[in-house]
Amino acid sequence: MDARISSRTMIGHLRGAWATATKFALDIALPTLCVSCREPVDGEGVCAECWAKLSFIEPPYCPRLGIPFVYDPGPDLLSMEAIANPPAYQRARAAVRYDDVARTLVHALKYQDRTDLAPTMGRWMARAGRQLLAEADVLVPVPLHWRRGWSRRYNQSGALALTIGRQSGVKVATEALRRVRATEQQIGLSRAQRASNVQGAFKVAQDRMADIQGRRVVLIDDVLTSGATSDACARALLRAKAAQVDVLVFARFVDSHKAHI
C-alpha cells in the first residue's frame, strides 16, 4: 500500500514539474499578449494600459441592481430602474462596466477558448461580490443548453464560478440549474424579446433540489445586460425553494444616457 501511495505521489510531482516546465517553455516561445491590444504583457489578461481603461464599479451604487450612481444619495436609496421594474433576484453586483475592454475579455473567454482569463476575472468578481459571498451558501453558474455546451466545450460561467468558489470557500453546484430549452442568442433582441426568449428555459434538476432548498444562492454569469437571463434563472431557483437569490457577474451594461441618481 505504501509503495503504491509513494508511486502515485511521485507521478503527481513529475506531472506538476512537467506542466511547469511546459508552461515556462511556451512563455519563452510564445509571449503572452494582452487580450485587448495584443501587446506583450507580463502575466495574464490585460496590460497595464488596458487595465487602466477598465471601469471598475465601486460604491455608490444601487443596493438592489448594483448600477453605479453619479453621486451618493445616501444609504438604501434604490435606483429608478429597481423601483420601476424590481427583479426576482435580491441583489446584483458586477466587477466592471461592460465597455470595450470588458467586452473583449468576455468574448475571449466565451468564444476564443481563453479559459486562462477565468482566474483573473473571477478574482475581480469575488472582490466586487464579497458582501454577497459572505452570506452565500452555494454558487450556481448560469447553464448552457447541452447542444451549445457541446459545441463550445465549456461553460464560461462555470469556469468563473469555480474560481470564485476557490476564492471564497463557497460550494459550487455546477449541475443544479439546467437549461431545459434551447434559446436564441440574446444579442440584438429588445428587452421584451429577451424576456420572452428565456421564459421557462431553466429548471432545477430533481436530483439537485437539496443543493437549492433553503439555501442562499449566488447566481454567476459573465455579463448582465437587460437582466432577462438572470431573472429567469432566479425564478427557477426560487421555485425550487431557494431562500434568496443574488447575482454576481463580471460586467454589466450601464446606460450612460440615463441620469442615474
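Structural notes, computed from the coordinates. (Residues numbered from 1 in each chain as written. Predicted model: local features only at pLDDT ≥ 70, side-chain atom pairs only at ≥ 80, totals over all residues. Heavy atoms only, no water.)

Here we look at the side chain of Asp222
Thought 1: Inspection of the secondary structure puts Asp222 in strand β6 (residues 216–224).
Thought 2: At 3.3 Å, the side chain of Asp222 and the side chain of Gln156 are in polar contact.
Thought 3: Excluding anything up to four places from it in sequence, Asp222 contacts Val106, Lys110, Gln156, Ser157, Leu160, Val249, Phe250 and Ala251. (Helix = DSSP H or I, 4+ residues; strand = E, 2+ residues; numbered from the N terminus. Polar contact = N/O pair within 3.5 Å; in protein donor to acceptor, adjacent residues only side chain to side chain. Contact = heavy atoms within 4.5 Å.)

Remarks on the pairing of strand β2 (residues 138–141)
Thought 1: Burial along β2 is two-sided: Val138 and Val140 and Leu139 and Pro141, pointing in opposite directions, are all buried.
Thought 2: Bridge count between β2 and strand β3 (residues 171–172): 2 bridges; the pairing is parallel. Its bridge partner lying in β3, Val138 is registered against Lys171.
Thought 3: Two strands pair when backbone bridges link them, and β2 and β6 are joined in this way by 4 bridges, in the parallel orientation. Across the sheet, Pro141 pairs through a bridge with Ile220, a residue of β6. (Buried < 20%, exposed > 50% of the residue type's maximum accessible area, 1.4 Å probe, protein only. Pairing = 2+ DSSP bridges.)

Here we look at helix α5 (residues 118–128)
Thought 1: Most of α5 is tucked away: 8 of the 11 residues are buried.
Thought 2: Buried residues of α5: Ala118, Thr120, Met121, Gly122, Trp124, Met125, Ala126 and Ala128, and no others.

A few points about the pattern of salt bridges
Thought 1: Scanning all chains against the criterion turns up 12 salt bridges.
Thought 2: For Arg103, the salt bridge identified is with Asp100, shortest N-O distance 2.9 Å. Here Arg103 and its partner Asp100 are both found in helix α4 (residues 100–111), 3 residues apart, which amounts to about one turn of the helix.
Thought 3: For Arg103, a relative accessible area of 31% corresponds to the partly exposed category.
Thought 4: Since its relative accessible area comes to 57%, Asp100 is described here as exposed.
Thought 5: For Arg178, the salt bridge identified is with Glu175, shortest N-O distance 3.9 Å. (Salt bridge = Lys/Arg side-chain N within 4 Å of Asp/Glu carboxyl O.)

Describing unusual backbone geometry
Thought 1: In this chain, Pro59 is followed by Pro60 through a cis amide linkage whose omega measures 5°.
Thought 2: Among the secondary structure elements, Pro60 is positioned in the loop between α2 (48–53) and α3 (80–84).
Thought 3: Backbone geometry at Asp76 places phi at a positive 70°, although glycine is not the residue there.
Thought 4: Residue position: Asp76 is located in the loop between α2 and α3.

Considering the sheet that holds β2
Thought 1: If you trace the 5 strands from one edge of the open sheet to the other, you get β1-β7-β6-β2-β3, paired in parallel fashion. Of all strands in the sheet, those bounded by a partner on one side alone are β1 (92–97) and β3.
Thought 2: Note that β6 and strand β7 (residues 244–252) share 8 bridges and pair parallel. Looking at the pairing, Val218 lines up with Asp246 of β7.
Thought 3: The strands touched by helix α10 (residues 228–239) within the sheet are β6 and β7, with β6 carrying the most contacts at an inclination of about 160°. (Axes fitted to C-alpha atoms, helices over the stretch in contact; angles between N-to-C directions.)

A word on the nonpolar core
Thought 1: Core analysis: the largest hydrophobic core is formed by 38 residues, its most contacted members being Val46, Leu105, Met121, Met125, Ile164, Ile220 and Phe250.
Thought 2: Going through the elements one at a time, β1, α4, α5, α6 (130–134), α8 (156–168), β6 and β7 are the ones with two or more residues in this core.
Thought 3: Setting aside its immediate chain neighbours within four residues, Ile164 contacts Gly122, Met125, Ala126, Leu133, Leu139, Gly169, Ile220 and Leu248.
Thought 4: With 35 residues, the next largest nonpolar core counts Tyr89, Ala173, Val217 and Val245 among its residues. (Core = buried A, V, L, I, M, F, W, Y, C linked by side-chain atoms within 4.5 Å.)

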